[in-house]
Structure formats: structure tokens, C-alpha cells
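Summary of the model geometry
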Amino acid sequence: MTTLSNTDGLPVPQRYGAILAIALGITVSVLDGAIANVALPTIARDLNASPASSIWVVNAYQLAITISLLSLASLGDLIGYRRIYQVGLLVFSITSLFCALSDSLLTLTIARVLQGFGAAAIMSVNTALIRIIYPQRFLGRGIGINSLIVAFSSAAGPTVAAAILSVASWQWLFAINLPIGIVALILGMKYLPGNSQKSSNQRFDPTSAVMNALTFGLLITAISGFAQGQSLLLIATEIAALLVIGYFFVRRQLRQTAPLLPVDLLRIPIFALSMGTSICSFAAQMLAMVSLPFFLQASLGRDEVATGLLLTPWPLAIIVMAPIAGRLVERVHAGLLGGIGLATFALGLFLLALLPHNPTDLDIIWRMVLCGAGFGLFQSPNNHTIISAAPRHRSGGASGMLGTARLLGQTSGAALVALMFNLFPTSGTHASLVLAGTFASVAAVVSCLRITQPRASVTEPGKP
């Protein structure tokens, strides 16, 4: 295993190899989600499932990641981010094959749950690894590159899905993960560094891990159940259990010096505000990205190939903006950058909701670009703020919280799409886009509240 003696980044040759390993790992996990979103209408038709129930293909994946992300991040602080990352790649690759072999909505959903656990291991420590790989003075650029990788994967997703669906069945969409995952695993074994600093007084707490899974699991199932029109008594029972378990879970975390759920970091104002901004913004993104394929295919009559191509300008705009934002955050306050970006994002979403009755491709494309540019301007500075606000030996916890906020927002957004489809059978996409614009507007306001806070510092992260 490659060790790290200098806490201020890897030397350049090794740094490139490590970043490539990170890039490929993040690519497979993000590409998979992007492909699944575009393929939902096709999967629903092939498996004789309704649009609302087919969203479980997305939700099952997101739920598995959300309930396990913090536990895996905590393990990363203890046994090494590199080891967690590699195990995640292995699990993700194997379960991708299970997804490809699924022949019903039930088996596909189960496979997606297992795949989500592998993706959680990848996502839980990728930002913590970047903090080790890059010198502190270039951390903003490193996180900007990470955001660029995510955007590139999202951009490739619709195009890859469109190309494969034009010549093969949807099962082949998941097989694309296998060769990428294998190459990433080999590179990771050679180049990824070990933890430069581990918490000496931290122990893994299985009780907290179970309580964490139950808390987030009940939260997501209650939201999804309400969206799917389940019994109100069942939903009320889930909420009651959530409140009881969540209360004792938070109390347990407050008594620990290095909690699995880092509530102590939430006492840092800029960290807490950045988390709130992240949840709202990713809920908005998922509301749009899950609902738009149904709109483009069912309402506008576009085929799978056209749908993939029309969704691509959004992440392509993020590709352009993410590196720029990563450099700007070194000179401009993240709260201001995020506020401007999210306001632009909200404007694009509202404009998508106001599309004319028979829009041209250009009408759709320039609105997609506006959404992507705004989101790209927000994402890198926000991630930089979250990860750099924590002490270095708590990077795993901060990385886990970053991922949890993103997944909580995305899972809530996907569930809300189902709710909008059930409440508004003929205008579900329009309602989803209006709600997405509202979430983005709230996120812009929360981001601007950070302007009064000092910039996050890794040397003085703040004490609870």
C-alpha cells in the first residue's frame, strides 16, 4: 500500500495516477445513476411498471447509499479511505452484473440496493482522498476537478444510455460499469494513498451505525411512502419511529468525541448552512432530471436517443463552470458564488417549467445550459467549504456528510417526483419543475446567508 509521509499532498506523478483512480470510480457510480434516470421510461414499459413505481429503481439505489454512507465514512477514518474505496469498487462492479441480469422490477430493485452499498463506499471517502492527494493551497482546484468528473459522468450518461438503447435492451446499460470498475480498482491499488492522519481516540460504534441506518431509512421510506400514496397510518408510524430513534441517535452522537453523525461539525455555522444549501439544491436537481425524460418522451414524443441528447447540455455546462468555480473560490467567498449560481439555476428551472406548448430543440437546450451553468458555479465552492471546515483527521466524516446531504436531497427529489406524478397525472413534470425552482430559490437564499460567515479554515475549523 502506498503511504503518505507529507500531509500537504502527493508528488505530481503519483497525484495524477491517484486522481485517475478517483475519476474512474466516481464515473461508474455517477454514470450509473444518470443512465438509470434516462432509461426509466424504457424500464417501466419493459417490466410493465407504472412511472411512479419505476422510480424505485432510482430510489432503492439512493436509499442504500444514504443509510450506509456515514458508517462507511467513519470506517474510512479508522481503517483507511483507500481500503473502503477499493472494497466499494469491487462490490459495485459485481452488483452491476446482477442489475444487468435482472428480469423483473423486484429483482432489479434488490440488485440496485446492493449496488448502492458499493456506491456508498466509493462516495463516502472520495472527497477525503482528494484532501490527501492535493496540497491545501490547491484544494479548491482538486474539488473543482472532482465536480468536473461528476459533471462529465452525468454528461456521458444520457448519451451512453441513448446510444445503447437504440441498439440493445436496457439490461446492457449496467454492464458498462464492469470494465471501468476493474480498471479503477487496479489503479487504486497502485496509486491511492493511505490516511496521513487517523483519529487516535475513535472507535467504530455498531449501535450508532444501526441507529443511523434506521433514522435515514425511515426518513426516506416515509417520504417515498407518502409520495406513492401509501396508508397514512403506516406513514405516521414510520415518522413516529423516526422521531424516537432519531432523538436517541442524536443524543448518543453528542456524547461522543468523534461521532458517526458529526453533529459537532454542524455547530460550525458555515458548515451547517452549506449542508442545508446542498440538500435543497440536489433535491431541485433530481426533481428535474427524473421528471424531464418522461416529459420529453411522453409529452413531446422524442425517442430515447433524442431524450439523451437533449439532457446532455445541462451537465456539459457544469463541465465548463466547475473548474472556473474551483479557482474562483480561492478568491471569492463561497456564499456569494453559491448564491449567484443557485439563483441562475432557479431561473433555468422556472424557464423549463414555462416551455411553450411545442418547444423546439433550441428552446430546451438553452434552458438546460442555464441550469447547468448555475449548478456548476455553486457545486465546487460548496463542496470546498464543507470539506475544509472540518479538521483533517475528520475528513472522512465531513466527506460522508457531504455525500449524505447530496443523497438525502436526491432521494427526496426522486420521491417528490412520484408525488407530483400522483397528484398531477397530466402535468406531473410541470409541477416537478416548479417545485425544483422553489427548492433552488431557497438554496440561493441560504447560500447568501453564508456571506457573513468567515471562510472555512482547516487549521481552525471551529470548536463546538
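These figures come from a predicted structure and were not determined experimentally. (Residues numbered from 1 in each chain as written. Predicted model: local features only at pLDDT ≥ 70, side-chain atom pairs only at ≥ 80, totals over all residues. Heavy atoms only, no water.)

Overview of the state of the cysteines
Filter applied, for reference: Sulfur atoms of two cysteines make up a disulfide when they are within 2.5 Å.
Tallying each qualifying case throughout the model produces zero disulfides. Unpaired in this structure, C371 has its nearest cysteine sulfur neighbour in C280, at a distance of 16 Å.

Observations regarding the packing of aromatic side chains
Where we set the bar: Between rings of Phe, Tyr and Trp, where Trp is taken as its six-membered ring, a pair exists when centres lie within 6.5 Å; planes separated by under 30 degrees are stacked, by over 60 edge-to-face, and by other angles tilted. Runs of E in the DSSP output that reach at least two residues are strands. Runs of H or I that reach at least four are helices, and both are numbered from the N terminus. Classification of residues uses two cut-offs on accessible area relative to the type maximum, computed with a 1.4 Å probe and protein chains only: under 20% is buried, over 50% is exposed, and between them is partly exposed.
Applying the stated criterion to the full structure yields seven aromatic pairs. Arranged with centres 5.3 Å apart and planes meeting at 70 degrees, the rings of F345 and F375 form a pair that is edge-to-face. Here F345, found in helix α14 (residues 334-353), pairs with F375, found in helix α15 (residues 361-388); they are 30 residues apart in sequence, far enough to count as distant. Judged by its relative accessible area of 1%, F375 is buried.

Some thoughts on the layout of surface pockets
The gaps left among the atoms become clear once a water-sized probe is rolled over them. This is how the line gets drawn: Two kinds of site are reported from a 1 Å grid over the protein atoms alone, namely cavities, where a 1.4 Å probe fits but cannot get out, and pockets, open sets with protein on both sides within 12 Å along at least five of seven lines, and residues are called lining when an atom falls within 4 Å of a point. Grid points are joined across faces, edges and corners, and a volume is the space filled by probe spheres set on the points. When residues are grouped by polarity, Ala, Val, Leu, Ile, Met, Phe, Trp, Tyr, Cys and Pro land in nonpolar, Asp, Glu, Lys and Arg in charged, and all others, Gly among them, in polar.
What the largest pocket holds in volume is close to 420 Å³. Lining the largest pocket are 21 residues, and of these F295, S299, T426, S427 and T429 lie nearest its centre. Of all elements in the fold, only α11 (269-299), α14 and α17 (428-449) reach the threshold of two or more residues within the lining of the largest pocket. Here the residues of the lining of the largest pocket are counted per class, giving 13 nonpolar, eight polar and no charged.

A word on a nonpolar patch on the surface
Selection rule: The patches reported here contain residues having more than 30% relative accessible area and no salt bridge. Joining distances are 9 Å for like charges and 5 Å for nonpolar side chains (Val, Leu, Ile, Met, Phe, Trp, Tyr). Surface accessibility follows the Shrake-Rupley procedure with a 1.4 Å probe radius. Residue values consider only the protein chains on display as shielding. A pair is scored as a salt bridge if a Lys or Arg side-chain nitrogen falls within 4 Å of a carboxyl oxygen belonging to Asp or Glu.
Residues L90, I94, L97, F98, L101, L106, I110, L114 and F117 make up a contiguous nonpolar surface patch of about 840 Å² in total accessible area. Contributing elements (two or more residues each) for the nonpolar patch: α4 (81-100) and α5 (105-133). Within the secondary structure layout, L97 lies in helix α4.

Section: the environment of A156
Note that A156 resides in helix α6 (residues 139-165). Judged by its relative accessible area of 21%, A156 is partly exposed. On a C-alpha basis, the gap between A156 and A405 in space is 24 Å, while along the polypeptide they are 249 residues apart.

Here we look at the packing of helix α1 (residues 12-46) against α5
Keep this limit in mind: For every element, the axis is a line fit to its C-alpha atoms; helices are fit only across the contacting stretch, and the angle between N-to-C directions ranges from 0 to 180 degrees. Put simply, a crossing is left-handed when the front helix is turned counterclockwise from the back one by less than a right angle, and right-handed when it is turned clockwise. In what follows, residue pairs with any heavy atoms lying within 4.5 Å of each other are defined as contacts.
Here α1 crosses α5 at 150 degrees, and the two axes come no closer than 10 Å. Regarding α1 and α5, the two cross each other, and that crossing is left-handed. Facing R15, A18, I19, I22, G25, I26, V28, S29, D32, A36 and I43 of α1, the residues of α5 in contact are L108, R112, Q115, A119, I122, M123, N126, L129, I130 and I133.

Quick look at the packing of α4 against helix α8 (residues 177-191)
The test is simple: Note on angle classes: values under 35 degrees are labelled roughly parallel, values over 145 roughly antiparallel, values of 65 to 115 roughly perpendicular, and the remainder oblique.
With their axes 9 Å apart at the nearest point, α4 and α8 run at an angle of 165 degrees to one another. Judged by the angle between their axes, α4 and α8 are roughly antiparallel. For the crossing formed where α4 meets α8, the hand is left-handed. Facing α4, whose interface residues are R82, Q86, L89, L90, F92, S93, S96 and L97, α8 presents N177, L178, G181, I182, A184, L185, G188, M189 and K190. Taken together, the residues that form the contact of α4 with α8 break down as nine nonpolar, six polar and two charged.

Focus: the pattern of salt bridges
Applying the stated criterion across every chain yields a total of three salt bridges. Where D205 meets R252, a salt bridge forms, and the shortest distance between an N and an O atom there is 2.8 Å. You can see D205 sitting in the loop between α8 and α9 (206-227) and its partner R252 sitting in helix α10 (residues 232-254), a full 47 residues away along the chain. D205 gets classed as buried once you look at its relative accessible area, which sits at 11%. Here R302 ties to D361 by a salt bridge, and the two come within 2.8 Å at their closest N and O atoms. Note that R302 is positioned in the loop between α11 and α12 (304-311) and D361 in helix α15, a separation of 59 residues in sequence. On the accessibility criterion, D361 (38% relative accessible area) is partly exposed.

Some remarks on the nonpolar core
Note on soluble globular proteins: their nonpolar side chains tend to be buried together. Note the threshold: Only buried residues count toward a nonpolar core, which is a set of Ala, Val, Leu, Ile, Met, Phe, Trp, Tyr and Cys residues joined through side-chain atoms within 4.5 Å.
With 65 residues, the main nonpolar core has L292, W314, F345 and L349 as its most contacted residues. A per-element tally of this core places α11 first, with 12 residues. Core analysis: the next-biggest nonpolar cluster, separate from the first, contains 62 residues, L63, I67, I122 and I268 among them.

A few points about the side chain of Q253
With respect to the secondary-structure elements, Q253 resides in helix α10. If near-sequence neighbours (up to four positions away) are discounted, Q253 is found in contact with S208, P259, L260, L261 and V263.

So, the confidence of the model for the protein chain
Which entries qualify depends on this criterion: How sure the predictor is of each residue is captured by pLDDT, a score from 0 to 100.
Predicted confidence across the protein chain gives a mean pLDDT of 82, with 92% of residues reaching 70 or more. Within the model, pLDDT remains below 50 along residues 1-6, and this stretch shows 16 contacts once partners closer than five positions in the same chain are excluded. Of the regions scoring below 50 in pLDDT, residues 456-464 engages in 17 contacts with residues more than four places distant in sequence or in other chains.

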